[in-house]
Amino acid sequence: PASLPPPLSTTMAALEAPLEHGIGQSKPLLKKAKISAGEVDLSETLNTAVPVYTEGADGVVSYPRGFDLVGNTPLLDLSAVCPTLKPGVRVLGKAEFMNPGFSHKDRIIRNILTKAESQGKLYPGMTVVCASSGNTGASCAMLCSMRGYDCVVITNSKCSKEKCDSIRAYGANLMIAEPEQDYMQMETDLAEENPDWFSVNQYDNLDNPDAHYKTTGPEIYRQTCGTVTHFVMAGSTGGTISGVGGYLKDQNPAVKVLLADPVGSVFTNYFHTGEVGEGKKFLVEGVGKNNIPGCLDLTIVDGVLPVEDEDAFRMCYKLAKSEGIFVGGSAGLNVHAAIEYAKTLEAPATVVTLLCDLGVKYLSKVYSADWLRENGFDCSDSAPPRSTTPPSPPQER
């Protein structure tokens, strides 16, 4: 519309969202993603356009519902966080904390549930069970409440109080595994014991990377007008880096995909040696792992960027105090890795990462002075620099 200010007009045009009755929809994405476990059918049409508010011929105005707001998150310029970047080098963060469940996991749960319903695997009266470090569980609880399913979420003691409380607030039954229990195996066991339970299986379900191939990847490509040169992302299920990275490489094989990995996760060693090895304790939630999930396609990954817990948490505070962006530890890890990598670039480049979730989910941890002190972290403005060594290029194969 002519009345819209230029930035919004430009955004809507770039997304190719026709102003029709109800919710605008972009053109269908008719691609096939070759994920390591096989081909994933991407022929379905998804709503990947900005919701619009329009008056129909009958005079009734159409409005979006909560689940219509998943995706189409803004892409923010974070380059000012590091003023020493070379001319033309930019670091961008996709604001996934602006999804209705406050994380990028809304995307995969919407896709998993929708495809299960269309295939007759999930239907009214069933219970959905989901093992999660927190965000997927919250997204699952939220979308199940919207669709009328009972929901059981299984997490571990590392999950923050805020994420646990949000899962309960949506009406889900929350189970917290004991230290000696494998919460992912608990999901499998419960689904096998209860025939009317649907297992989300986010770690091995290829509808997880499929969601990012169909939505997050195309959004990033459109929002950067195809100029994205690098994608930096931590992994837990591996769905985001595999789906987004796969899509971007399909558009431009020269795009570099870099795995940000918390020190202590087994992904770094597995990338270089093919051996899982033994993981060590780390405190950033929702990223890294002590095993290799089926959704992680390392053939898409060009290099690994290890990140210490304290560097991730310090970046959270830096983003909050300099950019007014309040995010969780995994986003801090992503941005730290992206910035450190961007420092090594001499030629113009567009480095994109994800701001995975909202900082409110970690008030009792990352943003608690007591918790930081108990774990030996100093994220204060007067904290000495962590390292004086120059940033190094990614650990590529």
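Residues numbered from 1 in each chain as written. Predicted model: local features only at pLDDT ≥ 70, side-chain atom pairs only at ≥ 80, totals over all residues. Heavy atoms only, no water.

## Regarding a nonpolar patch on the surface
On the surface, a cluster of nonpolar side chains totalling about 350 Å² of accessible area is made up of Tyr53, Val61 and Tyr63. Tracing the chain through its elements places valine 61 in strand 4 (residues 61–62). Its relative accessible area of 32% is what places valine 61 among the partly exposed residues. (Patch = residues over 30% accessible without salt bridge, like charges linked within 9 Å, V, L, I, M, F, W, Y side chains within 5 Å. Areas by Shrake-Rupley, 256 points an atom, 1.4 Å probe, with all protein chains shown as cover. Salt bridge = Lys/Arg side-chain N within 4 Å of Asp/Glu carboxyl O. Helix = DSSP H or I, 4+ residues; strand = E, 2+ residues; numbered from the N terminus. Buried < 20%, exposed > 50% of the residue type's maximum accessible area, 1.4 Å probe, protein only.)

## Details of empty space enclosed by the protein
Counted by the stated rule, this structure contains 3 cavities of 30 Å³ or more. In this model, the largest cavity occupies a volume close to 190 Å³. Considering the residues around the largest cavity, the lining is formed by 25 residues, among which His104, Lys105, Ser236, Gly286 and Val287 are closest to the centre. The set of elements that each furnish at least two residues to the lining of the largest cavity consists of helix 3 (135–147), strand 11 (230–234) and helix 7 (239–251). (1 Å grid on protein atoms, 1.4 Å probe; cavity = no way out; pocket = protein on both sides within 12 Å on 5 of 7 lines; lining within 4 Å. Points joined across faces, edges and corners; volume = space filled by probe spheres on them.)

## Quick look at the pairing of strand 12 (residues 256–262)
With 6 of 7 residues buried, strand 12 lies mostly within the body of the structure. Across 5 bridges, the pairing between strand 11 and strand 12 is parallel. Note on strand 12: the bridge partner recorded for histidine 230 is lysine 256. Read as a crossover between parallel neighbours, the route from strand 11 over helix 7 to strand 12 is right-handed. Of the pairings in the sheet, the one linking strand 12 to strand 13 (residues 303–307) comprises 5 bridges and is parallel in character. Bridge pairing in strand 13 links alanine 260 to leucine 305. At this point the chain moves from strand 12, through helix 8 (residues 267–273), to the parallel strand 13, and the crossover so formed is right-handed. (Pairing = 2+ DSSP bridges. Right-handed = clockwise from strand over helix to strand, strands pointing away.)

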